[in-house]
Amino acid sequence: MKYTILLQKMNNVLGEPVRYTIMAGDEEIPVNPWIGKRIRMDFAGYECLSCGSPLPVFAQGVCKKCFFTIPEMGPWIIHPELCQAHLDIEDRNLEYEKSVQLAPHIVYLAKTSHIKVGVTRKTQVPFRWIDQGADEAIAVLETPNRYLAGKAEVFLKQYFTDKTSWQQMLKGIRTKKELAAEKERLRTFLPGEFIPYWLADEKITRISYPVSAHPAKIKSINIAKQQHFEGLLTGIKGQYLIFEGGQVFNVRNQSGSIVEWEVV
Ligand SMILES: [Zn+2]
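Residues numbered from 1 in each chain as written. Predicted model: local features only at pLDDT ≥ 70, side-chain atom pairs only at ≥ 80, totals over all residues. Heavy atoms only, no water.

**Things to note about the domain arrangement of the protein**
Where the parts come together, the accessible area they lose is often given as the size of the interface. Assigned domains of the protein: these are domain 1 (2-44 + 55-62 + 211-263) and domain 2 (71-206). Centre-to-centre separation of domain 1 and domain 2, based on C-alpha positions: 26 Å. Interface of domain 1 and domain 2: buried area, both sides summed, is about 1,600 Å²; carbon and sulfur atoms make up 63% of it. Sorting the residues of domain 1 by area buried against domain 2 places Asn12, Leu14 and Lys237 first, and these three jointly supply 32% of that buried surface. Counting across the domain 1 and domain 2 interface gives three salt bridges. Between aspartate 135 and lysine 237 there is a salt bridge, with the nearest N and O atoms lying 3.9 Å from each other. Summed over the shared surface of domain 1 and domain 2, the result is four residue pairs in polar contact (both at pLDDT 80 or more). If you list the elements that add at least two residues to the side of domain 1 that touches domain 2, you get strand S2 (11-13) and strand S12 (240-243). (Domains from an automatic or database assignment. Buried area = accessible area lost by both parts, 1.4 Å probe. Salt bridge = Lys/Arg side-chain N within 4 Å of Asp/Glu carboxyl O. Polar contact = N/O pair within 3.5 Å; in protein donor to acceptor, adjacent residues only side chain to side chain. Helix = DSSP H or I, 4+ residues; strand = E, 2+ residues; numbered from the N terminus.)

In structure tokens:
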């Protein structure tokens, strides 16, 4: 099967295991059935996911001009504590910023090699956790906007990392710490201003990925640099395709690249 794919992040559905799909034009293609097959990829250029320009991707699938101008790339995306829509203050487009920032957000703990703290829009649960390759996750706070969730995250970064170690995640290394106990511990030092948003629900979401064996060594594939890659797909975790020999392809990170795929 041959496809021309303008890369953007894979969609996922929580299942046993997670089911992944990728868009090729208007067609949504299941990726799990590619496991066990050889894939050939050829780089075929760039297309900015926002303006369609063939200029090289600057970051997050968009060209440099779009990265610094479109509201979807505002700095408050990465740093939720910078949100100001709740004060009626515009960053790039107040209407857009209100629609995203003034919506319920979840502060969560997720487990991979470490317990990490993170923030996501409520509608992105559990997709965000799956994108990160978390083995388990638990919601801690539900806030009415992104700013408050970001403020809580900044505080909690004193106690938990906010980064996923992607190499360790792909190697299947996981901490022995328990999420329920860490959430209880967190409550003991949570400032009073966040207590109204505490979620008593102790439900832990457990996520299993279509990975037969975790690789011991990891090597990243950069299709724009390499131009061509060929390998046997052995699994999918987070936003990574895992190939025989521990070569890994981060689909989301290569958003905006056009790639010709052949699955044989
Ligand atoms: Zn652009």
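Having seen the structure, we can now continue with the description.
**Some words on the nonpolar core**
Ranked by internal contacts, the top residues of the largest apolar core, which has 42 residues, are Ile22, Trp34, Met41, Leu241, Phe243, Phe249 and Trp261. With residues up to four places along the chain from it excluded, the contact list for leucine 241 reads Met10, Val31, Leu233, Gly235, Ile236, Gln247, Val248, Phe249, Val251 and Trp261. Counting residues in each nonpolar core, the second largest holds 19 residues, with Val107, Val117, Ile138 and Leu190 among its members. (Core = buried A, V, L, I, M, F, W, Y, C linked by side-chain atoms within 4.5 Å. Buried < 20%, exposed > 50% of the residue type's maximum accessible area, 1.4 Å probe, protein only. Contact = heavy atoms within 4.5 Å.)

**So, the coordination of the zinc ion**
Taken together, the protein ligands of the zinc ion are Cys48 (SG), Cys51 (SG), Cys63 (SG) and Cys66 (SG), with distances of 2.3 Å. Geometry at the zinc ion is tetrahedral, judged from the four donor atoms that bind it and their angles of 104 to 118 degrees at the metal. (Donors = N, O, S within 2.8 Å, 3.2 Å for Na, K, Ca; no water. Tetrahedral: all angles 85-135°; square planar, octahedral: opposite > 155°, others 65-115°.)

**What about the sheet that holds strand S1 (residues 2-6)?**
Here we have seven strands laid out as an open sheet, ordered S1-S14-S5-S11-S12-S13-S10, and mixed in their pairing. Looking at which strands have only one partner, the edges of the open sheet turn out to be S1 and strand S10 (219-220). For S10 and strand S13 (residues 247-250), the ladder comprises two bridges, and the chain directions are parallel. Within the sheet, the bridge partner assigned to lysine 219 lies in S13 and is glutamine 247. (Pairing = 2+ DSSP bridges.)

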